[in-house]
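Structural overview for review
Letter by letter, the chains look like this.
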Number of protein chains: 2
Amino acid sequence: MSIVVVGSVGIDTIETPFGREENVLGGSACYFSLAARNFTDVHMVSSVGEDFPQAHSELLRSRGIDTEGVTVSSDGETFRWEGRYDYDMKDPETVSVTLGVLGSLDPVVPEKSRNADYLFLANTDPEIQLKVLEQVSSPRIVACDTMNFWIDNKLQELKTLLGRVNILIINDSEARQLSEEPLMVRAARKIMDMGPEFLIVKRGEYGALLFSREDLFFAPSYMLEQVLDPTGAGDTFAGGFMGYVASRGKDLDFAGFKKGVAYGSVLASFTVEDFSVRRLGSLRKEEIEQRYAEFLRLSTM
Amino acid sequence: MSIVVVGSVGIDTIETPFGREENVLGGSACYFSLAARNFTDVHMVSSVGEDFPQAHSELLRSRGIDTEGVTVSSDGETFRWEGRYDYDMKDPETVSVTLGVLGSLDPVVPEKSRNADYLFLANTDPEIQLKVLEQVSSPRIVACDTMNFWIDNKLQELKTLLGRVNILIINDSEARQLSEEPLMVRAARKIMDMGPEFLIVKRGEYGALLFSREDLFFAPSYMLEQVLDPTGAGDTFAGGFMGYVASRGKDLDFAGFKKGVAYGSVLASFTVEDFSVRRLGSLRKEEIEQRYAEFLRLSTM
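Keep in mind that what you see is a predicted model, and the values were worked out from it rather than measured.

What follows concerns the interface of chain A and chain B. With 34 residues of chain A in contact, the opposing surface of chain B contributes 34 residues. Approximately 3,100 Å² of surface area, both sides summed, lies buried where chain A meets chain B, with 61% of it carried by carbon and sulfur atoms. At the boundary of chain A with chain B, the tally comes to six salt bridges. For B:E225, the salt bridge identified is with A:R189, shortest N-O distance 2.5 Å. When contributions to the side of chain A that touches chain B are tallied by element, the ones reaching two or more residues are helix 6 (172–179), helix 7 (184–193), strand 12 (208–211), strand 13 (216–219), helix 9 (254–271) and helix 11 (285–298) of chain A. When the residues that make up the side of chain A that touches chain B are grouped by side-chain class, the tally is 19 nonpolar, four polar and 11 charged.

Once chain A is rotated about the relating axis by 180° and shifted along it by 0.0 Å, it coincides with chain B to within an RMSD of 0.0 Å. Given the turn and translation reported, the copies of this chain are related as if by a two-fold rotation axis. A high fraction, 100%, of the interface residues of chain A reappear at the interface in chain B, so the copies pair face to face through one surface.

Between side chains of opposite charge, a pair can form as their charged atoms come close. Taken as a whole, this structure holds 59 salt bridges over all chains when the rule is applied. In this structure, a network of salt bridges that share partners links the residues A:E15, A:R20, A:E22, A:E82, A:R84 and A:E93.

Now for the sheet that holds strand 5 (residues 66–73) of chain A. Note: strands within a sheet are paired through backbone hydrogen bonds, in either parallel or antiparallel orientation. Residues and elements named next belong to chain A. Overall, mixed pairing links the nine strands, which are arranged 5-4-1-8-9-10-11-12-13 in an open sheet. The sheet is open, and its two borders are formed by strand 5 and strand 13, each paired with just one other strand. Across this sheet, the average inter-strand angle for adjacent strands is 15°, counted without regard to direction. The pairing of strand 1 (residues 3–6) with strand 4 (residues 42–49) spans four bridges and is parallel. Each bridged residue has a counterpart across the sheet, and for V4 the counterpart in strand 4 is H43. Contacts between helix 3 (residues 126–135) and the sheet are confined to strand 1, strand 4, strand 8 (118–121) and strand 9 (141–144), with strand 8 contributing the most and set at about 165° to the helix.

Residue and element names in this part refer to chain A. Counted under the stated rule, the structure contains 23 aromatic pairs over all chains. Look at Y244 and Y263: their rings are 4.9 Å apart centre to centre, the planes differ by 20°, and that puts the pair in the stacked class. Separated by 19 residues along the polypeptide, Y244 in helix 8 (residues 233–248) and Y263 in helix 9 bring together distant segments of the chain. Over the ring of F270 we find R291, and its NZ or CZ is 3.8 Å from the ring centre.

The next thing to look at is the sheet that holds strand 6 (residues 79–84) of chain B. Residues and elements named next belong to chain B. The four strands lie next to each other as 3-2-6-7, forming an open sheet whose pairing is mixed. In this open sheet, the two edge strands, each paired with only one partner strand, are strand 3 (19–26) and strand 7 (93–98). Here the strands of the sheet are splayed against their neighbours by 10° on average, with no regard to which way each runs. In this structure, strand 2 (residues 10–16) lies alongside strand 6, joined through six bridges in parallel fashion. Across the sheet, the residue bridging to I14 is G83, located in strand 6.

The next point concerns unusual backbone geometry. All names here are of chain B. Residue D91 is not a glycine yet carries a positive backbone phi of 40°. If you trace the backbone, D91 turns up in the loop between strand 6 and strand 7. Phi is positive for S276, close to 50°, though the residue is something other than glycine. Relative to the helices and strands, S276 resides in the loop between helix 9 (254–271) and helix 10 (278–281).

Turning next to the pairing of strand 3 of chain B. Residue and element names in this part refer to chain B. Relative to strand 3, strand 2 runs antiparallel, the two sharing six bridges. Across the sheet, the residue bridging to E15 is R20, located in strand 3. The hairpin turn running from strand 2 into strand 3, its antiparallel successor, is two residues long.

Nonpolar side chains in soluble globular proteins tend to end up buried together. Counting residues in hydrophobic clusters, the biggest one holds 212 residues, and the most contacted among them are A:F211 and B:F211. With sequence-adjacent residues up to four places away left out, B:F211 is seen in contact with A:M223, B:M184, B:V185, B:A188, B:M192, B:E197, B:F198, B:L199, B:V201, B:L216 and B:F254.

Moving on, we come to the confidence of the model for chain A. Chain-level pLDDT for chain A is 96 on average; 100% of the residues reach the 70-or-more range. For this predicted complex, the interface confidence reaches an ipTM of 0.84, while the overall pTM sits at 0.91.

Right, let's get into helix 8 (residues 233–248) of chain B. Residue and element names in this part refer to chain B. Under the 1.5 Å per step criterion, the end-to-end length of helix 8 is 23 Å for 16 residues, consistent within 8% with the ideal 22 Å. For helix 8, a buried count of 12 out of 16 residues is recorded, marking the element as mostly surrounded by other parts of the structure. Inspection of helix 8 places D235, T236, F237, A238, G239, G240, F241, M242, G243, Y244, V245 and A246 among the buried residues, and these make up the whole buried set. At the exit of helix 8 stands G249, carrying a positive phi of roughly 70°.

Residue and element names in this part refer to chain A. It is the contact of helix 6 with helix 7, at a shortest axis distance of 9 Å, that shows an interaxial angle of 60°. With respect to helix 7, the element helix 6 is oriented oblique. The interaxial crossing formed by helix 6 with helix 7 has left-handed handedness. Contacts from D172, A175, R176, L178 and S179 in helix 6 reach M184, A187, K190 and I191 in helix 7. For the contact of helix 6 with helix 7, the residue count by class is five nonpolar, one polar and three charged.

So, about the environment of B:E157. You can see B:E157 is positioned in helix 5 (residues 155–162). According to the relative accessible area criterion, B:E157 is partly exposed, its value standing at 27%.

Cut-offs used in this document
- Numbers given for residues are sequential positions, taken from 1 along each chain in its written order.
- For naming, the first written chain is A and the first written ligand is 1, with later ones following in the order written.
- For this predicted model, a pLDDT threshold of at least 70 governs which residues receive local features, and a threshold of 80 or more governs which side-chain atom pairs are given and counted, while totals over whole chains, interfaces and linings are taken from all residues.
- Side-chain descriptors were evaluated using all non-hydrogen atoms of the structure, hydrogens and water having been removed beforehand.
- Here, residues are in contact when the closest pair of their heavy atoms is within 4.5 Å.
- Throughout, buried area stands for the accessible area (probe radius 1.4 Å) lost by two parts on being put together, summed over both.
- Criterion for a salt bridge: a side-chain nitrogen of Lys or Arg within 4 Å of a carboxyl oxygen of Asp or Glu.
- Helix and strand assignments come from DSSP, with helices taken as H or I runs of at least 4 residues and strands as E runs of at least 2, each series counted from the N terminus.
- Residues are grouped as follows: Ala, Val, Leu, Ile, Met, Phe, Trp, Tyr, Cys and Pro are nonpolar; Asp, Glu, Lys and Arg are charged; all remaining types, including Gly, are polar.
- A least-squares superposition brings the copies together, and it is based on the C-alpha atoms of residues with pLDDT no lower than 70 in both.
- Strands were regarded as paired on the criterion that DSSP finds at least two bridges between them.
- For helices, the fitted axis covers only the stretch in contact; all axes are lines through C-alpha atoms, and the angles between them, taken along N-to-C directions, range from 0 to 180 degrees.
- Each aromatic pair joins two rings of Phe, Tyr and Trp (for Trp, the six-membered one) with centres within 6.5 Å, and gets the label stacked for planes under 30 degrees apart, edge-to-face for over 60, and tilted for any other angle.
- We call a charge positioned over a ring when the NZ of a Lys or the CZ of an Arg lies within 6 Å of the ring centre and within 35 degrees of the ring normal.
- Residues enter a nonpolar core if they are buried and are Ala, Val, Leu, Ile, Met, Phe, Trp, Tyr or Cys, with the set joined through side-chain atoms within 4.5 Å.
- Between buried and exposed lies partly exposed: a residue is buried under 20% and exposed over 50% of the maximum accessible area for its type, with that area taken using a 1.4 Å probe on protein chains only.
- Per residue, pLDDT measures the predictor's confidence, with a range of 0 to 100.
- Here the expected span of a helix is defined as 1.5 Å times the quantity of residues minus one.
- Oblique is the label for any angle not under 35 degrees, not over 145, and not in the 65 to 115 range, which are roughly parallel, roughly antiparallel and roughly perpendicular in turn.
- Whether a crossing is left-handed or right-handed is set by the direction in which the near helix is turned from the far one by less than a right angle, anticlockwise for left-handed and clockwise for right-handed.

As structure tokens, this is what we get:
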């Protein structure tokens, strides 16, 4: 079962206390796709400028990701982000950001991808997310991400979107901001009242929570020896989750979502071990399954 | 199997955004004992002044806690703490603190309690913890807690203590400070090199981690609808843990410790639902078992 994902494709420069990498591949759609492709076919929808390095495009294609929906625009440059992490390795300072061609993105889902069963709207302008949603004819499951910037600046559009998705995947501070509730159980209920039947709250090194109206599941995160660059962990988590869910080929099912959350945590644990998509892009299926088994063992009573 | 615990017994005044309670029962040994007594006999060692309210003593005794080792000193007043929590309900601001009789505590473990099999050294001066350790003849398991103040001011005494305990139970910022390591896997290894065979890292609303040299277990925390006062959650966790472990009556055993961590989380989840020991002090065994079963269900794949 294939997945369509819309989100950013970009060029990142990342500095952490452990190193600096310039002009590496980044963007929510890239991390998502490189995680999800381990489970199923992925069709990416986004836009880059003519400055987008050939090597980055080749990496995505060589990993089996369909990039036909990624238009190369002559109207501007590729989305660029430069961020710097402190020793706590959370909440990067944005040194600079250039929206470039993403600022005027009018997404077009290629004809052949419009009947995809699974749709993920990665973090980007809710208006763009809605445009993609309208082009995919009858997805079985629609999930989306968002961030504080859109809660602050496009709340109305975001609420329209939330009325039309099955699963919202956001981090805990975003859940608190969106619901205006400090306690997560209440925050979750308020958010589900906005539309999504399921909510996944990402808590970074503390794991994730999966909520439905009737049920709840806590998942820890995988414990690591080395964290070099946390960029993209959340998008990777979403990719692992949706990839696994799509590979099951079912409709909404809580038991499958629990396993999806565990796979999401496992995939994210690889991403942060190296800069950019270096570790994620070179993952083998056996490595994923081995760490998944270990993850289950460590969190089972 | 009985437990000896040394720690503070005090009078707290607590303010949170949800209320203010004056002169309520507090102190690490009280929270610990009121949790542990659900599983086993508890012998408390501490000191109070003549100002200690009769009602507080009676509460402890009426719950079956042996307070023979709690001396009533005419040398000063009872330990008092006034704290204030912000909306994040973490890291209270200490408005005032009076060490009182705890400042000159020369703990004496009553004769009948000296052959206890389980010993918990709740957060207090490491020199006092060591004095109690020397009086208990041959405990099967010794666990202790500490805090940033002692890491800053009595590191040498603390390290002597760590060389003689089996289990250290601290929170994550203390673990990072003690080990000078930001990543928890490495921090744990360094701390176990200081002596303890096991380390439990408390992460508040994010649960707890249990480490041994060969193994690791992640436990979530129980998710709550209501948090009125987080004071004593960590001491309650330790009491639930040690109480369960003592009730098994075994030596060091990882499988039992995992369940102990789950019971600790469950007990702590009750404590924070109301001010002081109000909820904890009135707990029934069925309530604990019911929430424990729910906890397992919510964290099992």
